[in-house]
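Here's the letter readout for the chains.
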Amino acid sequence: MLRTFAPLIATLLAALGTLGGHAHADAPRPSTLLVFPYWSKQPGIATLHTVSNISFNRTVRAEFVYIDGGTCLEFNFIRTLAPYDTITVDSRTLPSNAGTRGYLLVRARHPETNELVSHNTLIGTALVVDGNTLEQYSYAPHSFRSPLLLPLRLDANGNGAPDLDGVELEAAPRNQHSASFLGQSPAGATGARTRTTLYAVNLTYRRPGGPWTARGIFVGRNDRGLSFQAQPSVGCWAALDLSSLSASTTQASLAAGAHDASEALDGREHGSWSWSTIQATSPNSPAWLEPPTVLLLQVERRSTHEANGPHFQKGTCATLPYIEGTTTTGTAW
Amino acid sequence: MKHSIQAALAFLLSATAAHAGTAPASMLVNPVYDLRDGRQSYLTLTNISPTQSIDVRVVWVSEAGCREYARVVRLAPGDTTVRSASLDLYGPQGAHPQGARQGWCYAYAIRQPGGVEARGTPVAFNQLVGRMLVQDALTLHDYEVAPWAFTSPMAAHAETDVDGDQLLDLDGREYERAPDSVYIPRFLGQVGGTAASSDLVLLNLTGGREFDVTASLAVFNDDGAYFDATTSFRCWTRRGLAQYSSAFTNAFLLASNDEPTESFGVRESGWFRIDGVHAQTSQDSEANPVILAALIEGTRGVLGGSPPANATEQHSVQVQPYALGEQSNGSLLGRGLIYH
């Protein structure tokens, strides 16, 4: 009897938990699912992912699922986190069959049943150290709470997968916005250089009936709000340079248009972008899904001069975009 | 019947249980700007509305006494602007106010000026996004600090000062409430000497700039062992992590029944929680003040190996904090000795 009504009870608890909440500052909150948009075990690169369990009384099994961005195959393992426990995983220690680079899911599993469960006490962060370029940057994962208050199984709809549908896990954003980007350097440029990469995770890709390729609209704007568009597609995962998305993001284009000549940062023009997902299509399905779930991370690399020149200064900054709207097509399976 | 109820609830939830990232907001609070020797700071603001212009009041707040220096910028639809802290504070002549070499900054939407209101009228406009870039010519590296973003629950362009106290209240009516606790998901054991150190920035938003605040720090090593510390400051502070507590040092963590098989590169690591205890002046006090935080982490040599060719080279990154709970007693920015 209890088993029969478990999904209903879970949904009811979710409703009570969600509707009882109040808005507060939009910072990441301790969550059940962490989505790290980037990891790499390419030569010279270390990606260190730290996950902590801030619960004072509940142990959790944290499942690390490394998805290879090229093949979408996964490599996973589980670490038990006692209350207040923390763990850091260095991507260099992954076996050769784990792939090369892609994204990482960290999911909560029950310490006894091993089922995927709600457990809104996981926090995390990543540090990327690139020995080839001497770059280091830190970034936060996309964090998804479960509306289910208790450590309940993440399968209210009985499809066997944890869904980002607002019932099992929070819904994902449909629209994402950058605060800004700097004018992009052309490929092979020397001297002052700027290269901004969007790491894109398609969490609709692995839904049944797939693989689902996600299409979106990328709207770039210069510093006076004049816009230009592109329509990127994302398979499982992608690393997209802004200059490849649109030539209008280059320094030359931004400086040539009707821009605000009084504003520049170290001589670099700047702009902003917005990304909205449209629909996902699959060669195995006549239907389509909309809007798909794509999560982004912006990594901006810049240097002011040649590395061996005077006043060399550089910086690599990673930021999660601002988010807006919702879509319920994502799955953490 | 069962599926009908479940479907109805699922529909309801799908509209309410949205992703808890950072949404475009009416007010952005940047915990750090830095104009100390060799540093420059740039605030980027973007209006993502495709149709509506907005004026934004940018307030730079100095570390000394939290004195405010404000500018107003107009953002057209889709517009982006970069504000130089140096130019805003010092002006083109470089005549800088005392005690303003570092501090914090907030920016909020105001009504299009009629020309008579020097401060402007704060309004709801959840279309602002931004970031702060700090350039450091000493370490030769840049880093960014993400702002704390506060949306307003009011209709677009509605005046937010509901209670008429001339403060920006984080009370759930004017702007979103502030978090009850802040979690920093990683720190590296501090080792001193030439190794990179980390700075923790704390900002009090309860009472105002005359309030002395006490905050608790709960520090956890990599095996979940817990150590308590407290710290006091007025309005804003930036200190080396080890100055808050010896529990942040690598030596302490190594001796603290840590997990010997786990380390972060060649350093120990942990995480910590920040919570306001009380804020007070000579005439008033308030429990559980709002504390916002930022950790600027030095990561030089974290993985060991040979030092970089440039001996001064050092990396700094911001570790994005998490927030939990909420409280309604925050506001920007009181000036008196009495809590409103």
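All values derive from a computational prediction rather than experimental measurement. (Residues numbered from 1 in each chain as written. Chains lettered and ligands numbered in written order. Predicted model: local features only at pLDDT ≥ 70, side-chain atom pairs only at ≥ 80, totals over all residues. Heavy atoms only, no water.)

> Explanation requested: the sheet that holds strand S9 (residues 148–150) of chain B in the structure shown.
Pairing between the strands of a sheet comes from backbone hydrogen bonds, and it takes one of two forms, parallel or antiparallel. Residues and elements named next belong to chain B. Across the sheet, which stays open at both edges, the 5 strands sit in the order S4-S3-S6-S1-S9 with antiparallel pairing between neighbours. On the outer flanks of this sheet lie strand S4 (68–75) and S9, each paired with one strand and no other. Ignoring strand direction, the axes of neighbouring strands in this sheet form an average angle of 20°. Judged from the 8 bridges that link them, strand S3 (residues 54–62) and S4 form a sheet pairing that is antiparallel. Bridge pairing in S4 places Val 61 opposite Glu 68. (Pairing = 2+ DSSP bridges. Helix = DSSP H or I, 4+ residues; strand = E, 2+ residues; numbered from the N terminus. Axes fitted to C-alpha atoms, helices over the stretch in contact; angles between N-to-C directions.)

> Quick question: what am I supposed to make of the environment of Leu 200 of chain B here?
Residue and element names in this part refer to chain B. Position of Leu 200 relative to the elements: it lies in strand S12 (residues 199–204). For Leu 200, a relative accessible area of 0% corresponds to the buried category. A sequence separation of 43 residues divides Leu 200 from His 157, and the C-alpha atoms of the two residues are 35 Å apart. For Leu 200, the contacting residues outside a window of four places in its chain are Leu 217, Thr 237, Arg 238, Arg 239, Leu 241, Tyr 244, Phe 272, Ile 274, Ala 293, Ala 294 and Leu 295. (Buried < 20%, exposed > 50% of the residue type's maximum accessible area, 1.4 Å probe, protein only. Contact = heavy atoms within 4.5 Å.)

> Help me out: how do you make sense of the state of the cysteines in this one?
Note on terminology: a disulfide is the covalent bond linking the sulfur atoms of two cysteines. Evaluation of the coordinates by the stated rule reveals 2 disulfides over all chains. Cys 72 of chain A shares a disulfide with Cys 236 of chain A; S-S distance 2.0 Å. An S-S torsion of about 75° defines the bridge between Cys 72 of chain A and Cys 236 of chain A as right-handed. Of this pair, Cys 72 of chain A sits in the loop between strand S3 (60–68) and strand S4 (74–81) while Cys 236 of chain A sits in the loop between strand S16 (233–234) and strand S17 (237–241), placing them 164 residues apart in sequence. A residue is classified by how much of its surface remains accessible, and Cys 236 of chain A, at 5% relative accessible area, is buried. Linked covalently through their sulfurs, Cys 66 of chain B and Cys 235 of chain B form a disulfide whose S-S length is 1.8 Å. Disulfide Cys 66 of chain B-Cys 235 of chain B: torsion about the S-S bond near -100°, hence left-handed. On the criterion of sequence distance, the pair formed by Cys 66 of chain B in the loop between S3 and S4 and Cys 235 of chain B in the loop between strand S14 (226–234) and strand S15 (236–240) is long-range, its members being 169 residues apart. Under the relative-accessibility criterion, Cys 66 of chain B is labelled buried at 0%. Its relative accessible area of 2% is what places Cys 235 of chain B among the buried residues. (Disulfide = S-S within 2.5 Å.)

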